[in-house]
Amino acid sequence: MTIRAVVKGCGHYLPQRIVPNSEFEQTLDTSDEWIQSRSGIQRRHFAAEGEMTSDLGTKAALAALADAGLTPDDIDAVIVATSTPDLTFPSVATMIQERLGMTRGFAFDVQAVCAGFIFALSNANAMILTGQANRVLVIGAETFSRIMDWTDRSTCVLFGDGAGALILEACHGNGTNADRGILATDLNSDGRYRDLLYVDGGISTGTSGVLRMQGKEVFRHAVDKLAATAHTALEKAGLGASDVTWVVPHQANLRIIKATAQKMGLPMERVIVTVQDHGNTSAASIPLALSIGQADGRIKQGDLLVAEAIGGGLAWGSVVLRW
Ligand code: UT7
């Protein structure tokens, strides 16, 4: 018998306000046509004034708990992937723990920017496999609208706000790749590329800062690194691209998603795409795509998924799991 971290439930939350590309045409030298053709994005959600990352994450967590048929008392650990915490500390995870009424277990944040959810899932998996927790609530929640330079057309049209959550539970498997649950993970980072994508604020400046990105350079790294990490994780699981039911990529740019799928040798019919509706929601993008893919009936129990992401750091990685 092998222990596996199996998905028991999944949910998401998007703020009410939907902002179409056309809204940016009023304040910037940009167009719906440019944004759609260069990124695939048509609209995104922005949090309301006073609506914080912890609010979005709590709502996504409640949706995942409802989907799993569990209560907060059933959860041993909360891990939140975010780069837009409400405060420098305490963690968003402890804020959500309190909001859920949990008085036991432990909670902490993971910060690996757009790859954050992959890093959080890998952490949760390791905790389950080592017996530190039986049920882990893993949340990706972001309010990137709070770190935009609204005068920089090359970045502010690309990002959005949202949250998604998964509940992983320790279950017995046979130790084969036919088991449900996380089958392999692959994590990478290379700090030499930190200047390609960063926020120019923090403790060193006394401001929260705004996002700066050399988009073309990030794009160049993304396709190669995403295809490579997906290949590595599949190989670790003893699987290949032809075994994959769904690729669930980080939703940053439709052109990156297409080029990566092509490099993996998979048609777009096998890729979950939500970037048109959400923009880039950083660590929230993969759990949002998982939740939407499950809700609309595409992702079914037993499907083999490979999720992959890259972002600031650079940090990138992938997870292979059977749903
Ligand atoms: O989630 C973390 C990972 N991040 C990413 O994966 C993002 C990766 N990068 C990208 O998605 C793309 O590089 C972008 C969407 C950011 C940009 O697409 P691009 O095809 O690389 O365009 P570019 O940066 O080379 O810009 C092309 C032109 C430039 O004008 P010139 O210099 O050719 O005259 C830009 O100034 O497009 C201009 N431009 C715009 N034009 C209209 C840049 N932003 C805009 C805009 N509207 N919003």
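Since this is a predicted model, take the numbers as computed values, not measurements.

J.: So what's going on with the overall build of the protein? Which residues, and what values?
T.: Across its full length, the protein carries ten helices and 13 strands. For 323 residues, the compact-globule estimate of 2.2 N^0.38 gives 20 Å, and the C-alpha radius of gyration of the protein, at 18 Å, lies within 12% of that figure. Summarising its shape, the C-alpha atoms of the protein cover approximately 60 × 45 × 40 Å along the three principal directions. In the protein, which comprises 323 residues, the proportion classed as buried is 57%. Sequence separation of 24 or more characterises 75% of the internal contacts of the protein that already satisfy a separation of 6 or more. Between the centroid of the 27 positive side chains of the protein and the centroid of its 34 negative side chains there is a distance of 5 Å.

J.: I'd like a rundown of the sheet that holds strand E11 (residues 246–249), residues and numbers included.
T.: Taking strand neighbours across the sheet as the criterion, the four strands line up as E8-E13-E12-E11 in an open arrangement whose pairing is mixed. The two strands at the open ends of the sheet, each matched to only one other strand, are strand E8 (181–189) and E11. The sheet shows a mean angle of 15° between the axes of neighbouring strands, direction not considered. Taken together, the four bridges between E11 and strand E12 (residues 304–311) define a ladder with parallel strand orientation. Looking at the pairing, Val247 lines up with Val306 of E12. Docked against the sheet, helix H10 (residues 285–295) engages E11 and E12, running at close to 145° with respect to E11.

J.: Could you give an account of the domain arrangement of the protein, naming the residues involved and the relevant values?
T.: Many structure descriptions define interface size as the accessible area lost when the parts assemble. Here the protein is described as being made up of domain 1 (2–173) and domain 2 (181–322). When each unit is reduced to the centre of its C-alpha atoms, the spacing between domain 1 and domain 2 is 14 Å. The interface of domain 1 with domain 2 comprises 52 residues on the first partner and 48 residues on the second. For the domain 1 and domain 2 pair, buried surface summed over both sides reaches about 3,800 Å², with 65% attributable to carbon and sulfur atoms. If you sort the residues of domain 1 by the area they bury against domain 2, Cys114, Ile118 and Ile147 come out on top, with a joint share of 17%. A salt bridge links Arg43 to Asp277, with the shortest nitrogen-to-oxygen separation between them at 2.4 Å.

J.: Which residues make up the site of the ligand, and what are the values?
T.: The immediate surroundings of the ligand are formed by 22 residues, with Thr30, Arg38, Lys216, Asn253 and Asn280 found nearest. At 2.7 Å, a side-chain N or O of Lys216 approaches an oxygen atom of the ligand. Its free accessible area being 960 Å², the ligand has 74% of it covered by the protein chains. Mapped by element, the contributors of at least two residues to the shell around the ligand are helix H2 (32–39), helix H6 (153–156), helix H7 (215–236) and helix H8 (254–264). Within the shell around the ligand, the residues separate by chemical class into eleven nonpolar, six polar and five charged. Looking at the shell around the ligand, you find at least three residues from each of domain 1 (2–173) and domain 2 (181–322).

J.: Any chance you could break down the nonpolar core for me, citing the residues and the numbers?
T.: For soluble globular proteins, nonpolar side chains are generally found buried alongside one another. The biggest cluster of nonpolar side chains holds 46 residues, and the ones touching the most others in it are Phe24 and Val320. Elements with a minimum of two residues in this core: E8, H7, H8, E12 and strand E13 (315–322). Counting residues per element, this core draws most heavily on H7, which supplies eight residues. Apart from the residues within four sequence positions on either side, Val320 is in contact with Gly181, Ile182, Leu183, Ala184, Ala233, Leu234, Ala237, Leu239, Leu304, Leu305 and Val306. Judged by nonpolar contacts, the second largest core, of 38 residues, contains Cys10, Ala124, Ala133 and Ile299.

J.: Would you mind going over the state of the cysteines in detail, with residue names and values included?
T.: Think of a disulfide as a covalent bridge from one cysteine sulfur atom to another cysteine sulfur atom. Throughout the structure, instances matching the rule amount to zero disulfides. With no disulfide partner, Cys156 has as its closest neighbouring cysteine sulfur the one in Cys114, 16 Å distant.

J.: Would you mind going over the pattern of salt bridges in detail, with residue names and values included?
T.: Evaluated as defined, the whole model comprises 16 salt bridges. Note that Arg298 and Asp296 form a salt bridge whose closest N and O atoms lie 2.8 Å from each other. Looking at Arg298, the relative accessible area reads 27%, which means it is partly exposed. Residue Asp296 is classed as partly exposed on the basis of its relative accessible area, which comes to 44%.

J.: Residues and numbers for the pairing of strand E4 (residues 77–81), please.
T.: Successive side chains on a regular strand alternate, one facing one side of the sheet and the next facing the other. Judged by how many residues are buried, E4 sits mostly within the fold: five of five residues are covered. Alternating positions in E4 separate into two faces, Ala77, Ile79 and Ala81 on one and Val78 and Val80 on the other, with burial throughout. Sheet analysis places E4 next to strand E5 (residues 106–110), joined by five bridges and oriented parallel. Looking at E5, one finds that Val80 is bridged to Asp109. With helix H4 (residues 92–99) bridging E4 and its parallel neighbour E5, the resulting β-α-β unit is right-handed.

J.: Tell me what's going on with unusual backbone geometry, and back it up with residues and numbers.
T.: Here the amide bond leading from Phe89 into Pro90 is cis, since omega sits at 5°, within 30 degrees of zero. If you trace the backbone, Pro90 turns up in the loop between E4 and H4. In the segment running from Gly313 into Leu314, the intervening peptide bond is cis, with an omega of -15°. Within the secondary structure, Leu314 sits in the loop between E12 and E13. You will see that Val113, though not glycine, has its phi angle at about 50°, which is positive. On the basis of relative accessible area, Val113 is assigned to the buried category, the value being 18%. Residue Ser282 is not a glycine yet carries a positive backbone phi of 50°. Here Ser282 shows up in the loop between helix H9 (275–278) and H10. A relative accessible area of 1% means that Ser282 is categorised as buried.

The rules we used
- Residues numbered from 1 in each chain as written.
- Predicted model: local features only at pLDDT ≥ 70, side-chain atom pairs only at ≥ 80, totals over all residues.
- Heavy atoms only, no water.
- Helix = DSSP H or I, 4+ residues; strand = E, 2+ residues; numbered from the N terminus.
- Rg over C-alpha atoms; globule rule 2.2 N^0.38 Å.
- Buried < 20%, exposed > 50% of the residue type's maximum accessible area, 1.4 Å probe, protein only.
- Contact = heavy atoms within 4.5 Å.
- Lys, Arg positive; Asp, Glu negative; His and termini not counted.
- Charge placed at Lys NZ, Arg CZ, Asp CG, Glu CD.
- Pairing = 2+ DSSP bridges.
- Axes fitted to C-alpha atoms, helices over the stretch in contact; angles between N-to-C directions.
- Domains from an automatic or database assignment.
- Buried area = accessible area lost by both parts, 1.4 Å probe.
- Salt bridge = Lys/Arg side-chain N within 4 Å of Asp/Glu carboxyl O.
- Near = heavy atom within 4 Å.
- Polar contact = N/O pair within 3.5 Å; in protein donor to acceptor, adjacent residues only side chain to side chain.
- Areas by Shrake-Rupley, 256 points an atom, 1.4 Å probe, with all protein chains shown as cover.
- Nonpolar A, V, L, I, M, F, W, Y, C, P; charged D, E, K, R; others polar.
- Core = buried A, V, L, I, M, F, W, Y, C linked by side-chain atoms within 4.5 Å.
- Disulfide = S-S within 2.5 Å.
- Right-handed = clockwise from strand over helix to strand, strands pointing away.

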